[in-house]
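# Chains, contacts and geometry: an overview
In case you want the letters, here they are:
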Amino acid sequence: QLTESGGGLVRTGDSLKLSCLGNKDTFQYFTMGWFRQAPGKEREFVAAISKREGRTKYAESVQGRFTVSRDNALNTLYHQMNTLIIGGTAVYYCEASQTIDIYMGPAQYSYWGQGTQVTVYS
């Protein structure tokens, strides 16, 4: 079970940090990712991090502004989002994959949470 938190209403240029709490017994065994879905659009990959080594991958649109991290001891995934833009408005989902490598396709992720809403205004 995955539970996201930290969403909210922010102005363009502001920062926001999302968290995702996973199962304490299994969290460390999953590659974890963040996806987002804006109104009327398909769910898209944002960022992901490997199980233990800390390897990361980002969508080109957020490279340099967003940082994904994890704390396996706390079974928590984080998503630091800086310099938010209007296009960042979406529901953000935490998703878990059993693959070793990091994939950007949603089909590789088997579990996801309910999402947390992020709204960016100018």
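First, a word on scope: everything that follows refers to the structure included in this document. (Residues numbered from 1 in each chain as written. Predicted model: local features only at pLDDT ≥ 70, side-chain atom pairs only at ≥ 80, totals over all residues. Heavy atoms only, no water.)

### Considerations on the nonpolar core
Formally: The set of buried Ala, Val, Leu, Ile, Met, Phe, Trp, Tyr and Cys residues whose side-chain atoms join them within 4.5 Å is what this entry labels a nonpolar core. Any residue under 20% of the maximum accessible area for its type is buried, any over 50% is exposed, and the rest in between are partly exposed; the area is computed with a 1.4 Å probe on protein chains only. Strands are runs of DSSP state E lasting at least 2 residues, helices are runs of H or I lasting at least 4, and numbering of each runs from the N terminus.
The biggest cluster of nonpolar side chains holds 31 residues, and the ones touching the most others in it are Met-32, Trp-34, Leu-77, Met-81 and Tyr-92. If you list the elements that add at least two residues to this core, you get β3 (16–21), β4 (31–37), β5 (44–49), β7 (66–71), β8 (76–81), β9 (90–97) and β11 (116–121). Take this core: its biggest share by element is five residues, from β5.

### Some remarks on the pairing of β11
So the rule is basically this: DSSP calls a pair of strands paired once it identifies at least 2 bridges connecting them.
A one-sided burial pattern is seen for β11, the buried positions being Thr-116, Val-118 and Val-120 and the unburied ones Gln-117, Thr-119 and Tyr-121. In terms of strand pairing, strand β2 (residues 8–11) meets β11 through four bridges, oriented parallel. The residue of β11 that forms the bridge with Leu-9 is Thr-119.

### Quick look at the sheet that holds β3
Just so we agree on the cut-off: The axes used here are C-alpha line fits, helices contributing only the stretch in contact, and every angle between their N-to-C directions lies in the interval 0 to 180 degrees.
Pairing in this open sheet of four strands is antiparallel, and the strands run β1-β3-β8-β7 from one edge to the other. Here the strands that pair on one side only, and so sit at the sheet edges, are β1 (3–5) and β7. On average, each strand axis in the sheet is tilted by 15 degrees relative to the strand beside it, whichever way the strands run.

### Section: the environment of Thr-67
Threshold: Contacts: residue pairs with any heavy atoms within 4.5 Å of one another.
Mapping Thr-67 onto the fold places it in strand β7. Judged by relative accessible area, Thr-67 falls into the partly exposed class, the value being 40%. Taking C-alpha positions, Thr-67 is 19 Å from Leu-9, a pair spaced 58 residues apart along the chain. Thr-67 has contacts with Tyr-58, Tyr-78, His-79 and Gln-80, leaving out every residue within four places of it along the chain.

### Considering unusual backbone geometry
One non-glycine residue, Asn-75, lies in the positive phi region at around 45 degrees. If you trace the backbone, Asn-75 turns up in the loop between β7 and β8. Notably, Thr-83 is not glycine yet its phi reads approximately 50 degrees, a positive angle. Tracing the backbone through its elements, the reader meets Thr-83 in the loop between β8 and β9. Judged by relative accessible area, which is 44%, Thr-83 ranks as partly exposed.

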